[in-house]
Amino acid sequence: MLGVEGGRLSTIAAAGLIPTVTLGEYGPDIAALEAAALEQPSPFVQNGPCPRAGFYIGLVLASADGRPAMLLSLFDARPRSAEVAQSTAAVASDVLAAALVRRQQAVIEKQQAVIADYEALEEQRRNLFDRASATAKVGVWQCDLSDNKLFWTNGVYDIFEIARTTPVTRELTLGFYKPESRIAMEAARAQAIANCTDFSLNVEIVTATGKERWVRLTGAVESRNGVAHRIFGMKQDITEEKLLGDQTRYLAEFDVMTGLANRAQFQSYLQDLGRHRIGGLLLVDLDGFKQVNDTYGHAVGDACIREAALRLKASCQSAVLVARIGGDEFAVLTASNCTAQEVEALAAEIVRTIAEPLECAGHVLNLGASVGVVQGSGWLAEDLFRNADAALYAAKAAGRNTSRTFKPAA
């Protein structure tokens, strides 16, 4: 009998009845495998006594996946030589080895397929992340605090307009921040590291190609035993958002035609006189504007408004606020250190400046200005405006193109 033990063939004398089992699952011990085979009834028994096995080969099929080993048995009633037994066993071993190689190759190919699927999923995930980052104009960054080594995703490189293969350092990065933003960012970062907390702020940078951008910078500190060892977060390009926000605030607070503060901003100042210390209020109304507008049309009228605003702003450079509060009505809040004489002189200068002829669309036009003045602080907002309005009507009643100052005694 031939058997396999420890990966090699050994010759074993044939004895006993021919087993009926040619393939079965047993334990790893070859002796136990053969004994179990020999205990079975003979497959050649028809009627009569059981013949002896003239030829038998047994090969142990070891399992590589933890399952019990199996015994492959080859029987023949005719005796064969030891050479035939050896060659037959060798062929069987080669076949089994080839089968094992194919099985191992199949396992390897399956593993490779799994790895390829995983890498494809990872590539898809990275591509999806990059597309999402590009759409949101956002990137992820991290810094190892032990050596200040930086890691950026593609989105951060794109924000700073740096080639993605460029090695980045903190020194290189800090050079892109505008001075005020760099100071604010460094302070927020240092505080977060010291306290192992988070931070968020908007900063202004100049990219590698010279473009000015606003970036929302967020950071979080990772600590071990209360000691910061890594800081990471996101950078997002918010330039469009910032510009839109600035434009929205501008439209809410400024007059589009003249660029002066609008009525809403003027009223906001009046409602907070305790914080905005002023020296007085001047209300300015253009004289003769309605006739110009009716005669030459709104385009010429709008040009007159813009020119009057420019002259008014030039005359009131030291004022707290210059606003357009109506069609041809303006308001000036003077500084708290402006004396009564200076306020009176400013009113006279406004009247003189507005009265100068102006050229528009080939026409020489003449306007005038009536100015109502209230001096001093400590007024309630409604009293301040009402008294300035009363002084303005007094100026108009006095023949226009002049100014009048409200007198509390009157």
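**Re the nonpolar core**
And then number 1: Membership of the largest hydrophobic core comes to 30 residues, with the highest contact counts inside it found for Leu282, Cys304, Leu312, Phe330, Val332, Ile350 and Val371.
And then number 2: Among the elements of the structure, β11 (278-287), α8 (289-296), α9 (298-315), β13 (329-335), α10 (340-355), β14 (358-360) and β16 (368-375) are those that each provide at least two residues to this core.
And then number 3: Beyond its immediate chain neighbours, meaning those up to four positions away, Ile350 contacts Leu282, Val284, Leu312, Cys316, Val332 and Val371.
And then number 4: In this structure, Cys143, Leu201, Val215 and Leu217 belong to the second largest nonpolar core, which totals 25 residues.

**A closer look at a nonpolar patch on the surface**
And then number 1: On the surface, Tyr250, Leu251 and Val256 cluster together to form a nonpolar patch covering roughly 290 Å² of accessible area.
And then number 2: Structurally, Val256 is set in the loop between α6 (239-253) and α7 (263-271).

**Concerning the packing of aromatic side chains**
And then number 1: Overall, the coordinates contain seven aromatic pairs when judged by the stated rule.
And then number 2: Plain terms: the ring middles of Trp152 and Tyr157 are 5.2 Å apart, the flat faces sit at 75° to each other, and that makes the pair edge-to-face. Considered together, Trp152 and Tyr157 belong to a single accessibility category, that of buried residues.
And then number 3: Grouped by ring-pair contacts, the aromatic residues Trp152, Tyr157, Phe160, Phe176 and Tyr177 constitute a single cluster.
And then number 4: Above the ring of Trp214, the side-chain terminus of Lys242 is found at 4.4 Å from the ring centroid.

**Re the pattern of salt bridges**
And then number 1: Summed over the entire model, instances satisfying the criterion amount to 20 salt bridges.
And then number 2: The residue Arg230 makes a salt bridge to Glu222 at a minimum N-O spacing of 2.5 Å.
And then number 3: According to the relative accessible area criterion, Arg230 is partly exposed, its value standing at 22%.
And then number 4: Here Lys290 makes a salt bridge to Asp294, at a shortest N to O gap of 2.8 Å. Taken together, the positions of Lys290 and Asp294, both in helix α8 and four residues apart, correspond to about one turn of that helix.

**A short note on the packing of α9 against α10**
And then number 1: At a closest axis distance of 10 Å, the pairing of α9 and α10 adopts a crossing angle of 150°. Of the possible angle classes, the one that applies to α9 and α10 is roughly antiparallel. For the crossing formed where α9 meets α10, the hand is right-handed. Mapping the contact onto sequence places Ala308, Arg311, Leu312 and Ser315 in α9 and Leu346, Glu349, Ile350, Thr353 and Ile354 in α10.

**What about the side chain of Ser403?**
And then number 1: With respect to the helices and strands, Ser403 occurs in strand β17 (residues 403-405).
And then number 2: Discounting chain neighbours no more than four positions away, the residues touching Ser403 are Ala347, Val351, Val371 and Ala395.

**Some details on the pairing of strand β9 (residues 212-224)**
And then number 1: Note: strand β8 (residues 198-206) against β9, nine bridges, orientation antiparallel. Looking at the pairing, Val203 lines up with Val215 of β9.
And then number 2: Counting the residues that bridge the hairpin from β8 to β9 gives five residues, and of these Gly210 lies at a positive phi of roughly 90°.
And then number 3: Strand direction decides the pairing type here: β9 and strand β10 (residues 227-237), joined by ten bridges, are antiparallel. Looking across to β10, one finds that Gly219 is bridged to Gly233.

**Remarks on the side chain of Asp255**
And then number 1: Residue placement: Asp255 occurs in the loop between α6 and α7.
And then number 2: Since its relative accessible area comes to 15%, Asp255 is described here as buried.
And then number 3: Among residues more than four places away in sequence, those in contact with Asp255 are Tyr250, Leu260, Ala261, Asn262 and Arg324.

**Observations regarding the environment of Ala89**
And then number 1: Topologically, Ala89 is positioned in helix α2 (residues 82-136).
And then number 2: A relative accessible area of 0% means that Ala89 is categorised as buried.
And then number 3: For the pair Ala89 and Ile57, spaced 32 residues apart in sequence, the C-alpha to C-alpha distance is 7.1 Å.

**Re the environment of Val322**
And then number 1: By the element assignment, Val322 lies in strand β12 (residues 321-324).
And then number 2: Along the backbone, Val322 and Ala261 are 61 residues apart, and their C-alpha atoms lie at a distance of 6.3 Å.
And then number 3: Apart from residues lying up to four places away in sequence, Val322 is in contact with Leu260, Ala261, Leu312, Cys316, Ala331 and Val332.

**Description of α8**
And then number 1: Within α8, burial applies to Phe289, Val292 and Asn293. Buried residues in α8, looked at end-on, bunch into an arc of 95°, giving them a common side. Residues of α8 that are exposed and point over 90 degrees away from its buried face: Lys290, Gln291, Asp294 and Thr295.
And then number 2: On its buried face, α8 is in contact with β11, α9 and β15 (363-365).
And then number 3: Downstream of α8 by one or two residues, Gly297 has phi in the positive range, about 100°.

**Some details on the sheet that holds β16**
And then number 1: Taking strand neighbours across the sheet as the criterion, the five strands line up as β12-β13-β11-β16-β17 in an open arrangement whose pairing is mixed. The sheet is open, and its two borders are formed by β12 and β17, each paired with just one other strand. Sheet twist, expressed as the average angle between the axes of neighbouring strands with direction ignored, equals 15°.
And then number 2: Two strands pair when backbone bridges link them, and β11 and β16 are joined in this way by eight bridges, in the antiparallel orientation.

**A look at the packing of α8 against α9**
And then number 1: Axis separation between α8 and α9 bottoms out at 6 Å; the angle between their running directions is 145°. Here Phe289, Val292, Asn293 and Tyr296 of α8 lie close against α9, whose contacting residues are His298, Val300, Gly301, Cys304 and Ile305.
And then number 2: Residues of the contact of α8 with α9, tallied by class, amount to six nonpolar, three polar and no charged.

**Description of the confidence of the model for the protein**
And then number 1: Per-residue pLDDT for the protein has a mean of 80; in total, 77% of the residues score no lower than 70.
And then number 2: Per-element mean pLDDT across the protein ranges from 34 in strand β2 (residues 8-11) up to 95 in β12.
And then number 3: This stretch, residues 1-30, has a pLDDT under 50; its non-local contacts, to residues over four places away or in other chains, come to 89 contacts.
And then number 4: Of the regions scoring below 50 in pLDDT, residues 40-50 engages in 18 contacts with residues more than four places distant in sequence or in other chains.

Quick notes on the rules
Residues take numbers from 1 onward in each chain, read along the sequence in its written order. With pLDDT at 70 or above as the cut-off, local features in this predicted model cover only qualifying residues; side-chain atom pairs require 80 or more to be listed or tallied, and sums for whole chains, interfaces and linings still use all residues. Only hydrogens and water are set aside; all other atoms, that is, all heavy atoms of the structure, feed into the side-chain values. Take the buried Ala, Val, Leu, Ile, Met, Phe, Trp, Tyr and Cys residues and link them wherever side-chain atoms come within 4.5 Å; each set so joined is a nonpolar core. When a residue's accessible area, from a 1.4 Å probe over protein chains only, is under 20% of the maximum for its type it is buried; when over 50% it is exposed; and in between it is partly exposed. Counting from the N terminus, the helices are the DSSP runs of H or I reaching at least four residues and the strands are the DSSP runs of E reaching at least two. Should any heavy atoms of two residues lie within 4.5 Å, those residues are considered in contact. Nonpolar side chains (Val, Leu, Ile, Met, Phe, Trp, Tyr) within 5 Å and like charges within 9 Å form the patches, drawn only from residues with over 30% relative accessible area and no salt bridge. Using the Shrake-Rupley algorithm and a 1.4 Å probe, accessible areas are obtained, with residue cover drawn only from the displayed protein chains. What counts as a salt bridge is simple: a side-chain nitrogen of Lys or Arg found within 4 Å of a carboxyl oxygen of Asp or Glu. Aromatic pairing here means that ring centres of Phe, Tyr or Trp (its six-membered ring) are within 6.5 Å. Orientation follows from the plane angle: under 30 degrees is stacked, over 60 is edge-to-face, and everything else is tilted. Two limits define a charge over a ring: the Lys NZ or Arg CZ must be within 6 Å of the ring centre, and within 35 degrees of the ring normal. Lines are fitted to the C-alpha atoms to define the axes, a helix being fitted only along its stretch in contact, and any angle between axes, read from their N-to-C directions, falls within 0 to 180 degrees. Here is the rule for angles: anything less than 35 degrees is roughly parallel, anything more than 145 is roughly antiparallel, 65 through 115 is roughly perpendicular, and the remaining ranges are oblique. Should the near helix be turned anticlockwise from the far one by less than a right angle, the crossing is left-handed, and should it be turned clockwise, the crossing is right-handed. The pairing criterion is simple: DSSP has to find at least two bridges between the two strands. As used here, the arc belongs to the directions running from the helix axis to the C-beta atoms. Each residue is assigned to one class: nonpolar for Ala, Val, Leu, Ile, Met, Phe, Trp, Tyr, Cys and Pro, charged for Asp, Glu, Lys and Arg, and polar for all the others, Gly among them. A residue's pLDDT is the predictor's confidence in that residue, given on a scale from 0 to 100.

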